[in-house]
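# Reading the structure
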Amino acid sequence: MLNLTAPVRVAVIDVAEPLADIDCGRAEQPPYTAAWILVCKAGHPLGSIEIPLRAPVIAAAELEREVSRQLGEDWHRDRPAAHQPPPLPLSRASVVVPTNFARPAELRRCLKTLAQLDHPDYEVIVVDNRPDHAPLAELEGVRVVREPRPGISAARNRGVAVATGEIIAFTDDDVQAHPGWLSALGGRFARQPHVSAVSGLVVPLELETQAQILFEQSGSGLDRSYAPLTFGRAGRFRVRRREQLTGREETRSLYLTGEFGFGANMAFRTAVLQASGGFDEALGVGTATRGGEDLAMFVELLTAGHQIGYEPSAIIEHQHRATMGDLDRQIYGYGLGFTAMLTAVALRDPWHLLGLAGIVPAWLKSLRVESSAKSVNRSDDYPPALARAELRGMAAGPAAYLRARRASPPWRR
């Protein structure tokens with residue numbers, strides 16, 4: 001378990017190449033006390049490991065021992081390479097990045113990584129989500145379009161309207177994309193023509209502050225899995241989860257959304273997204289609900305009989321919030337967005353009320369159980385105030401959605 005009071009070195013290694021020393025020196029004080037390392041093989045993530053630091057450098061020999069000890073057989077198991085050519089040509093792709101230009105340095109860093117993707121045919125569309133009176137931004141190498149209606153859903157829908165790709169991938173302005181990110185998403189669509197959406201792996205870009213480490217423990221992000229998954233309907237309120245490599249299947253509630261995906265790393269077949277009516281503009285950052293639009297779309301597609309995939313070789317590094325104040329607001333927003341999303345899907349299809357009635361009591365009970373999936377990664381000194389902030393957000397979500405609904409176009413198929 002990571003120390004909440006000390007910064008952590010974040011690194012990505014690939015064991016298909018000869019291992020090298022990892023420099024863990026830090027110019028500022030305090031020094032790094034541990035390293036969090038994403039271990040890949042030929043571009044495909046095998047898992048993550050944590051190494052306490054006894055010196056400012058992790059020697060290659062020590063790194064090899066720790067990978068072998070912590071990952072065991074996973075290190076030696078062959079997995080599909082992230083860049084292995086799919087059986088069919090990759091479709092043209094559009095990458096949509098909504099932004100209000102509040103983080104210009106992070107946006108420039110994001111666009112720099114998007115310019116270095118190895119996909120053979122793609123465009124990058126930046127949606128300027130500022131009001132009309134702001135001058136339209138000029139960014140080299142990308143297409144910039146305006147969407148003055150506030151909210152990430154309105155911005156994404158504007159991107160969908162102008163995209164030329166058969167596949168539309170979405171990410172945020174505070175991320176870095178690995179070079180093979182878009183090809184990994186596109187390859188999954190090519191290998192599985194019946195899949196309508198694909199999400200990918202989101203890992204931390206840095207763990208320099210207490211707030212960033214606490215976000216990793218909060219259980220508010222994507223349930224991090226390193227195995228390719230496919231989800232499909234298995235009843236009105238159930239989905240079938242299939243591990244692609246082993247063939248293992250299990251059924252679970254439609255509303256256990258942690259593994260479906262995350263708005264910073266998701267892609268859709270353009271025709272399917274358009275037919276679904278796009279994202280609900282009463283959900284998402286920039287509206288009263290602060291989130292939930294990504295999960296609402298996944299639930300909508302699964303309810304309609306579509307399948308969605310999760311592809312861990314599509315890697316995005318996310319810039320977690322650095323201060324405790326920002327983290328508190330973010331965790332509150334995640335709780336708000338989650339119950340707002342449940343309200344949205346229930347209003348769109350009232351049958352969901354029956355499904356939710358069957359799981360809400362057990363779900364509420366799990367929030368108080370320390371061994372629940374939500375709490376299992378939290379340290380003993382995880383701040384109770386963060387858990388309370390999330391619960392406050394959940395309580396406020398339905399009313400927030402109803403307010404936002406009155407100010408937004410209706411969500412129609």
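A few points on the structure. (Residues numbered from 1 in each chain as written. Predicted model: local features only at pLDDT ≥ 70, side-chain atom pairs only at ≥ 80, totals over all residues. Heavy atoms only, no water.)

## Considering the packing of helix α8 (residues 324–348) against helix α10 (residues 384–406)
- Two numbers describe how α8 lies on α10: the axes approach to 6 Å, and their chain directions differ by 40°. Here α8 is positioned oblique relative to α10, judged by the angle of their axes. The two elements α8 and α10 cross, and the hand of that crossing is right-handed.
- In terms of residue class, the contact of α8 with α10 is made up of 17 nonpolar, five polar and three charged. (Axes fitted to C-alpha atoms, helices over the stretch in contact; angles between N-to-C directions. Helix = DSSP H or I, 4+ residues; strand = E, 2+ residues; numbered from the N terminus. Parallel < 35°, antiparallel > 145°, perpendicular 65-115°, else oblique. Left-handed = near helix turned anticlockwise from the far one by under 90°. Nonpolar A, V, L, I, M, F, W, Y, C, P; charged D, E, K, R; others polar.)

## Section: the packing of aromatic side chains
- If you walk through the whole model with that rule in mind, you get seven aromatic pairs.
- An aromatic cluster is built from Phe 170, Phe 268, Phe 279 and Phe 298, whose rings are joined through pairwise contacts.
- The side chain of Arg 26 reaches across the aromatic face of Tyr 32, ending 5.6 Å from its centre.
- The ring of Phe 279 has Arg 156 lying over it, and the distance from NZ or CZ to the ring centre is 5.6 Å. (Phe/Tyr/Trp six-rings, centres within 6.5 Å; stacked < 30°, edge-to-face > 60°. Lys NZ or Arg CZ within 6 Å of the ring centre and 35° of its normal.)

## As for the packing of helix α5 (residues 210–218) against α8
- The contact between α5 and α8 brings their axes to 9 Å, and the two run at 20°. Of the possible angle classes, the one that applies to α5 and α8 is roughly parallel. In this structure, α5 crosses over α8, and the sense of that crossing is right-handed. Together, Gln 210, Ala 211, Leu 214, Phe 215 and Ser 218 of α5 and Met 324, Leu 327, Gln 330, Ile 331 and Tyr 334 of α8 make up the contact between the two elements. (Contact = heavy atoms within 4.5 Å.)

## Section: the nonpolar core
- Membership of the largest hydrophobic core comes to 55 residues, with the highest contact counts inside it found for Trp 36, Leu 38, Phe 170, Phe 268, Phe 298, Ile 308 and Met 341.
- Excluding its chain neighbours within four sequence positions, the residues that come into contact with Phe 170 are Val 96, Arg 156, Val 160, Trp 181, Gly 263, Ala 264, Asn 265, Met 266, Phe 268, Leu 273 and Phe 279. (Core = buried A, V, L, I, M, F, W, Y, C linked by side-chain atoms within 4.5 Å. Buried < 20%, exposed > 50% of the residue type's maximum accessible area, 1.4 Å probe, protein only.)

## So, the pattern of salt bridges
- Summed over the entire model, instances satisfying the criterion amount to 31 salt bridges.
- Between Glu 208 and Arg 26 there is a salt bridge, with the nearest N and O atoms lying 2.8 Å from each other. Of this pair, Glu 208 sits in the loop between β11 (195–204) and α5 while Arg 26 is found in the loop between β2 (22–23) and β3 (34–41), placing the two residues 182 residues apart along the sequence.
- Overall, Glu 208 belongs to the partly exposed group, its relative accessible area being 21%.
- A salt bridge links Glu 311 to Arg 188; its shortest N-O distance comes to 3.1 Å. Here Glu 311, found in strand β16 (residues 307–318), pairs with Arg 188, found in helix α4 (residues 181–191); they are 123 residues apart in sequence, far enough to count as distant.
- Residue classification places Arg 188 among the buried positions, given a relative accessible area of 2%. (Salt bridge = Lys/Arg side-chain N within 4 Å of Asp/Glu carboxyl O.)

## Focus on the environment of Asp 14
- With respect to the helices and strands, Asp 14 occurs in strand β1 (residues 8–14).
- Considering only alpha carbons, one finds Asp 14 and His 44, 30 residues apart in sequence, at a separation of 8.5 Å.
- If we ignore the near neighbours within four places in the chain, the residues touching Asp 14 are Leu 19, Cys 40, Lys 41, Ala 42 and Gly 43.
- At a separation of 2.9 Å, a polar atom in the side chain of Asp 14 contacts the main-chain amide nitrogen of Ala 16.
- Among the polar contacts made by the side chain of Asp 14, one reaches the main-chain amide nitrogen of Gly 43 at a distance of 2.8 Å. (Polar contact = N/O pair within 3.5 Å; in protein donor to acceptor, adjacent residues only side chain to side chain.)

Any functional reading would require information that these geometric values do not contain.
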